[in-house]
Amino acid sequence: MPFDVAAEVLSNRALSSDYNVLALAAPAIAAASKPGQFVMLKAGTGMDPLLRRPFSVFEILRSGDGTPTGITVLSKRIGPSTSLIYSARPGQVAAVLGPLGRPFSLVEPPADAWMVAGGVGLAPFATLAEALRARKVKTTLFYGARRGDELFYLDFFRTLGVELVLTTEDGSSGERGRVVAPLDRQLAARKPDAPVMIYACGPEGMLAATAKTAAKHSRPCQVSVERIMGCGMGGCYSCVVPMRGDDGKFHHVRSCMAGPVLAADQIRWD
Ligand SMILES: Cc1cc2nc3c(=O)[nH]c(=O)nc-3n(C[C@H](O)[C@H](O)[C@H](O)COP(=O)(O)OP(=O)(O)OC[C@H]3O[C@@H](n4cnc5c(N)ncnc54)[C@H](O)[C@@H]3O)c2cc1C
Ligand code: FES
């Protein structure tokens, strides 16, 4: 069962004029969270906006002895809720419900893990990279952003031993272009008998392109979809995704319950 807590804001670090990392005191949620799960969050106690919004659990905070004490979220400011998160101050209270949804399925060696992130889609991969490292899985992060100054936490991933493949749309860091291009090349160069699991999170167009690329190379792919979510608990049907069922036909599933992590080859991408 998820926990519904009034969590104190511990810190709020601006990474840029749009991105920030909000740290929240939420020990029960931190202890229960698995990579890929999310929380429904609203900073402050006002009525506007009325509804909480979904955010991936970015990091698990721990005390000196390793006990989980809280979580962080990586937020990109795009509207009212993310503006409140951007301007939240330590000592304020945030309403946090979680952990919610189905996490990523973890692979084991000899399989490698290739994580594909677009922009704020980086968020679920910090905890995933830690979990994969604990299993000694060789992990690569393909990470694309608009500009080099929107590529965050690179040292965090390097410290975990994650190989980085960076792209920017303006060419200011890494390869110029979209992140799926180096993914496609590296999949083409990989021996067919070398297993790899692709994990992707980002804008829907990027997810669709990643799914298509994975299918082209006959590789399994798990995507974390970002649908608009009203409740996060199966009650409002705002988050449906068309998925192929056991009968071969497409059915709408609630991505807050069946996902947000879904098998890319079962989704109808249109
Ligand atoms: C499972 C899940 C995990 C997420 N994790 C993160 C995260 O870690 N960090 C982060 O910054 N964001 C994340 N998001 C997206 C985040 O929930 C939205 O950015 C947020 O709801 C925007 O709220 P707002 O009030 O600021 O803007 P709104 O006014 O609600 O939205 C501004 C504009 O963006 C559109 N929009 C809102 N939500 C989405 C969405 N999910 N997909 C596409 N368009 C949308 C709206 O239609 C509107 O046009 C996640 C979404 C999901 C479903
Ligand atoms: S967000 Fe309400 S049903 Fe999924």
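Structure's up top.
Residues numbered from 1 in each chain as written. Chains lettered and ligands numbered in written order. Predicted model: local features only at pLDDT ≥ 70, side-chain atom pairs only at ≥ 80, totals over all residues. Heavy atoms only, no water.

> For this particular structure, what's the right way to read unusual backbone geometry?
Most peptide bonds take the trans form, and the phi angle of most residues other than glycine is negative. Omega for the peptide link from Gly98 to Pro99 comes to -5°, which places this bond in the cis form. Along the chain, Pro99 falls in strand S7 (residues 93-100). With an omega of 15°, the peptide bond running from Pro109 to Pro110 counts as cis. Structurally, Pro110 can be placed in the loop between S7 and strand S8 (112-118). In the Ramachandran plot, Ser218 falls in the positive-phi region, its phi being about 55° despite a non-glycine side chain. Relative to the assigned elements, Ser218 resides in the loop between helix H6 (204-216) and strand S13 (221-224). For Ser218, a relative accessible area of 65% puts it in the exposed group. Located in the positive-phi region is Tyr237, a residue other than glycine, with phi close to 60°. (Helix = DSSP H or I, 4+ residues; strand = E, 2+ residues; numbered from the N terminus. Buried < 20%, exposed > 50% of the residue type's maximum accessible area, 1.4 Å probe, protein only.)

> Help me understand the side chain of Gln37 in this model?
Of note, Gln37 is situated in the loop between helix H1 (27-32) and strand S3 (38-43). Side-chain polar atoms of Gln37 contact the backbone nitrogen of Lys34, separated by 2.8 Å. Here Gln37 is in contact with Ala32, Ser56, Val57, Pro99, Leu100, Gly101 and Pro103, once residues within four sequence places are set aside. (Polar contact = N/O pair within 3.5 Å; in protein donor to acceptor, adjacent residues only side chain to side chain. Contact = heavy atoms within 4.5 Å.)

> How do you make sense of the nonpolar core when you look at a structure like this?
It is characteristic of soluble globular proteins that their nonpolar side chains tend to be buried jointly. With 33 residues, the main nonpolar core has Met115, Phe125, Leu141, Tyr143, Phe157 and Tyr199 as its most contacted residues. Secondary structure elements with two or more residues in this core: strand S2 (19-25), S8, helix H3 (125-134), strand S9 (139-145), helix H4 (154-159) and strand S12 (196-201). Take this core: its biggest share by element is five residues, from H3. Leave out the neighbours within four places in its chain, and Phe125 touches Phe104, Met115, Val116, Ala117, Leu141, Phe157, Tyr199, Ala200 and Cys201. (Core = buried A, V, L, I, M, F, W, Y, C linked by side-chain atoms within 4.5 Å.)

> Can you walk me through helix H2 (residues 80-87) in this structure?
The periodicity of an α-helix, 3.6 residues per turn, causes residues three or four positions apart to be oriented the same way. If you check which residues of H2 are buried, you get Ser81, Thr82, Ile85 and Tyr86. Projected down its long axis, H2 shows its buried positions confined to an angular sector of 140°, all on one face. (Arc of directions from axis to C-beta.)

> Explain a nonpolar patch on the surface here, please?
Taken together, the side chains of Met47, Leu50 and Leu51 make up a nonpolar region of the molecular surface, amounting to roughly 340 Å² of accessible area. Summarising the element assignment, Met47 is placed in the loop between S3 and strand S4 (53-56). For Met47, a relative accessible area of 64% puts it in the exposed group. (Patch = residues over 30% accessible without salt bridge, like charges linked within 9 Å, V, L, I, M, F, W, Y side chains within 5 Å. Areas by Shrake-Rupley, 256 points an atom, 1.4 Å probe, with all protein chains shown as cover. Salt bridge = Lys/Arg side-chain N within 4 Å of Asp/Glu carboxyl O.)

> I tried to follow the layout of surface pockets on my own but got confused; where do I start?
The space that makes up the largest pocket amounts to roughly 1200 Å³. Contributing to the lining of the largest pocket are 46 residues, with Ile78, Val120, Gly202, Pro203 and Glu226 lying nearest its centre. At four residues, S4 tops the list of elements feeding residues into the lining of the largest pocket. For the lining of the largest pocket, the per-class residue count stands at 22 nonpolar, 15 polar and nine charged. (1 Å grid on protein atoms, 1.4 Å probe; cavity = no way out; pocket = protein on both sides within 12 Å on 5 of 7 lines; lining within 4 Å. Points joined across faces, edges and corners; volume = space filled by probe spheres on them. Nonpolar A, V, L, I, M, F, W, Y, C, P; charged D, E, K, R; others polar.)

> How should helix H5 (residues 180-189) be read in this particular structure?
For H5, the set of buried residues is Val180, Pro182, Leu183 and Leu187. Burial along H5 is one-sided: seen end-on, the buried residues are contained in an arc of 160°. Those residues of H5 that are exposed and aimed more than 90 degrees away from the buried face are Ala188 and Ala189.

> So what exactly am I meant to see when it comes to the packing of H5 against H6 here?
Angle between the axes and distance between the axes are the two parameters that describe a pair of packed helices. At a minimum axis separation of 10 Å, H5 and H6 run at an interaxial angle of 10°. In terms of their interaxial angle, H5 and H6 are classed as roughly parallel. Seen from H5, the contacting residues are Val180, Leu183, Asp184 and Leu187; seen from H6, they are Met206, Ala209, Thr210, Thr213, Ala214 and Lys216. (Axes fitted to C-alpha atoms, helices over the stretch in contact; angles between N-to-C directions. Parallel < 35°, antiparallel > 145°, perpendicular 65-115°, else oblique.)

> Just to check I follow, could you spell out the packing of aromatic side chains for this structure?
Aromatic ring pairs are reported here in terms of the distance separating the ring centres and the angle at which the planes meet. Scanning the model with the defined rule gives seven aromatic pairs in all. Centroid distance Phe58 to Tyr153: 4.8 Å. Interplanar angle 70°. Geometry classified as edge-to-face. In this pair, Phe58 is assigned in the loop between S4 and strand S5 (59-62) and Tyr153 in the loop between S9 and H4, connecting sequence segments 95 residues apart. No difference in accessibility class separates Phe58 from Tyr153, as the two residues are buried. Judged by centre distance (5.4 Å) and plane angle (50°), the ring pair of Trp114 and Phe142 falls under tilted. Of this pair, Trp114 sits in strand S8 while Phe142 is found in strand S9, placing the two residues 28 residues apart along the sequence. The two residues Trp114 and Phe142 agree in class, both being buried. An aromatic cluster is defined as three or more aromatic residues linked by ring pairs; in this entry it consists of Phe58, Tyr153, Phe156 and Phe157. Across the ring face of Tyr86, the terminal group of Arg77 is positioned such that the distance to the ring centre comes to 4.1 Å. Above the face of the Phe250 ring, Arg268 is positioned so that its terminal group lies 5.3 Å from the ring centre. (Phe/Tyr/Trp six-rings, centres within 6.5 Å; stacked < 30°, edge-to-face > 60°. Lys NZ or Arg CZ within 6 Å of the ring centre and 35° of its normal.)

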